[in-house]
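# Structural overview
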Amino acid sequence: MKAKIFCLSLLASLFFMVGCGEDDDGTEPTPNGDSTKISPSWTFTEIPELKFAEISRNGKWAIVASDYRMALLDLKNKAELYEVATSESDLDYVVQVSISDQGYALVASANGIGVISATQGLIANFSEVYIGQARYYVRGYPSMIAPSGVSYYVHGNMKFSLPDNLVWLNTTDSPNYDFSNELDLSGDGSLIASASGVYGKLVLLDGNGNILWKSSIANDAIRNVDISIDGSTIAIGDLSEIDVYASNSPAPIIRWPHNSYYAIVAVSKNGSVITGGTSHGKLVIFKNGSETPNIYDKPDGQVNDIAISDDGKIIVLATDFGGLEIYNDLGKLKYQHKGQYEGIVSCVSISSDGKNVGCIFQNEFHLYALP
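Time to look at the pairing of strand 23 (residues 233–237). Two faces make up the sheet, and in a regular strand the side chains alternate between them. Within strand 23, five of the five residues are buried, leaving the element largely enclosed by the surrounding structure. Neither face of strand 23 is exposed, since Thr233, Ala235 and Gly237 on one face and Ile234 and Ile236 on the opposite face are all buried. Taken together, the four bridges between strand 22 (residues 224–227) and strand 23 define a ladder with antiparallel strand orientation. Its bridge partner being in strand 23, Ile227 is matched across the sheet by Ile234.

To continue, consider the side chain of Asn304. By secondary structure assignment, the location of Asn304 is in strand 30 (residues 303–308). Within the local environment of Asn304, its side chain forms a polar contact with the side chain of Gln302, the two groups lying 3.4 Å apart.

Membership of the largest hydrophobic core comes to 16 residues, with the highest contact counts inside it found for Ile113, Phe126, Val138, Tyr152, Val154, Met158 and Phe160. Of all the secondary structure elements, the ones that give two or more residues to this core are strand 9 (104–109), strand 10 (113–117), strand 11 (121–126), strand 15 (151–154) and strand 16 (158–161). Setting aside its immediate chain neighbours within four residues, Val138 contacts Asn111, Gly112, Ile113, Phe126, Ser127, Glu128, Val129, Val154, Met158 and Phe160.

Another point: the sheet that holds strand 20 (residues 202–206). Sheet architecture is open: four strands sit in the order 18-19-20-21, paired in antiparallel fashion. Two strands lie at the open edges of the sheet, namely strand 18 (180–185) and strand 21 (211–214), each paired on one side alone. Neighbour-to-neighbour, the strand axes of the sheet open up by a mean angle of 20°, direction not taken into account. As judged from the five bridges shared by strand 18 and strand 19 (residues 191–196), these two strands associate in the antiparallel manner. Counted as the bridge partner of Leu183 is Ser194 from strand 19.

The next point concerns the confidence of the model for the protein. Predicted coordinates in areas of low pLDDT are best not read in detail. Across the protein, the average pLDDT comes to 87, with 86% of residues at or above 70. The low-confidence segment residues 2–33 (pLDDT under 50) makes 73 contacts with residues lying over four places distant or belonging to another chain.

Another aspect to go through is the state of the cysteines. Summed over all chains, the structure comprises zero disulfides. Between Cys347, a cysteine without a disulfide, and Cys359, which holds the nearest cysteine sulfur, the sulfur-to-sulfur distance is 9.2 Å. We classify Cys347 as buried; its relative accessible area is 12%.

A few words on the sheet that holds strand 7 (residues 79–85). Across the sheet, four strands lie side by side as 4-5-6-7; this open sheet has antiparallel pairing. Two strands in the sheet have a free side with no partner beyond their single neighbour: strand 4 (52–55) and strand 7. Each strand of the sheet is rotated relative to its neighbour by a mean of 15°, with strand direction disregarded. When strand 6 (residues 69–74) meets strand 7, the two strands line up antiparallel, connected through six bridges. Each residue of the ladder has a partner; that of Leu73, found in strand 7, is Glu80.

Conventions and cut-offs
- Residues numbered from 1 in each chain as written.
- Predicted model: local features only at pLDDT ≥ 70, side-chain atom pairs only at ≥ 80, totals over all residues.
- Heavy atoms only, no water.
- Buried < 20%, exposed > 50% of the residue type's maximum accessible area, 1.4 Å probe, protein only.
- Helix = DSSP H or I, 4+ residues; strand = E, 2+ residues; numbered from the N terminus.
- Pairing = 2+ DSSP bridges.
- Polar contact = N/O pair within 3.5 Å; in protein donor to acceptor, adjacent residues only side chain to side chain.
- Core = buried A, V, L, I, M, F, W, Y, C linked by side-chain atoms within 4.5 Å.
- Contact = heavy atoms within 4.5 Å.
- Axes fitted to C-alpha atoms, helices over the stretch in contact; angles between N-to-C directions.
- pLDDT = per-residue confidence, 0-100.
- Disulfide = S-S within 2.5 Å.

Dropping the structure here:
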């Protein structure tokens, strides 16, 4: 998934446990007895208590972080390239990481922004910018680098080129000024999908900061946003629905009530496959513009994170009780990390070809190479 954060809560867990039982909504159970158990090809343990991880789309790099330490990893050679620390005494804890195919990683913390290069190490570390005499803070969630690596965005109202050059700052009709809840970028960063705290809606901007549209409906506390790499399709998961938009219209083309505490979403490269996971353990798959998804019951707990390959054929779930689960686009569980009830998995990401998967498991970074 492209740099998304999902906080587990006791409330969500209690909701799931209460909601267990037989379903009457026509869902199709997914067998998992014949799934292949897989082990990581590499486990990174040099930094304890990891909380964040993302692998690049080309499968070459990864950025991992604990609260106050982060490392840029070379996945091909299974080696740590650079390690950087924030100030624990200043409570400068990490809140989000993202990485590009060129090996540039963006680390957002409570107090600032850091940019790490696979060839140069730390190339930017700052917390404010000036326009004339006016000072603007640059920090925190949501902040993301475009997968192509040409630019990065902070709060949806600031754009920077590498390493720390301010391209534009929108302080007038910004839908996200100090209030952006969620953010995602198309592959080249030319489209910005944001869940706006100001308007309470999904907002689409172009790479110059111009608002293209605000969604025609008000969403119910958007939990995550995912825009396809080609920029054609946007999906959101909020407290009550999974909604899908074409980038040329503010009216949703799909509105599907998930009837759970939350839902998270991921979109294939061209938007032909849209998948979601829910807090009460369902995998949903929309294909080829259908407004009715295929729904699969998962017997082993809520979905914490989700990622999808470019072609939409490989869907990866991070779960509470099932560990790492890897499905095909027909809802068939193909691979599973060890066995059930091994522990909570989070921060899952997948390379564009579907060959490499990364996640956080038991506070370690695990890398998997799929057959």
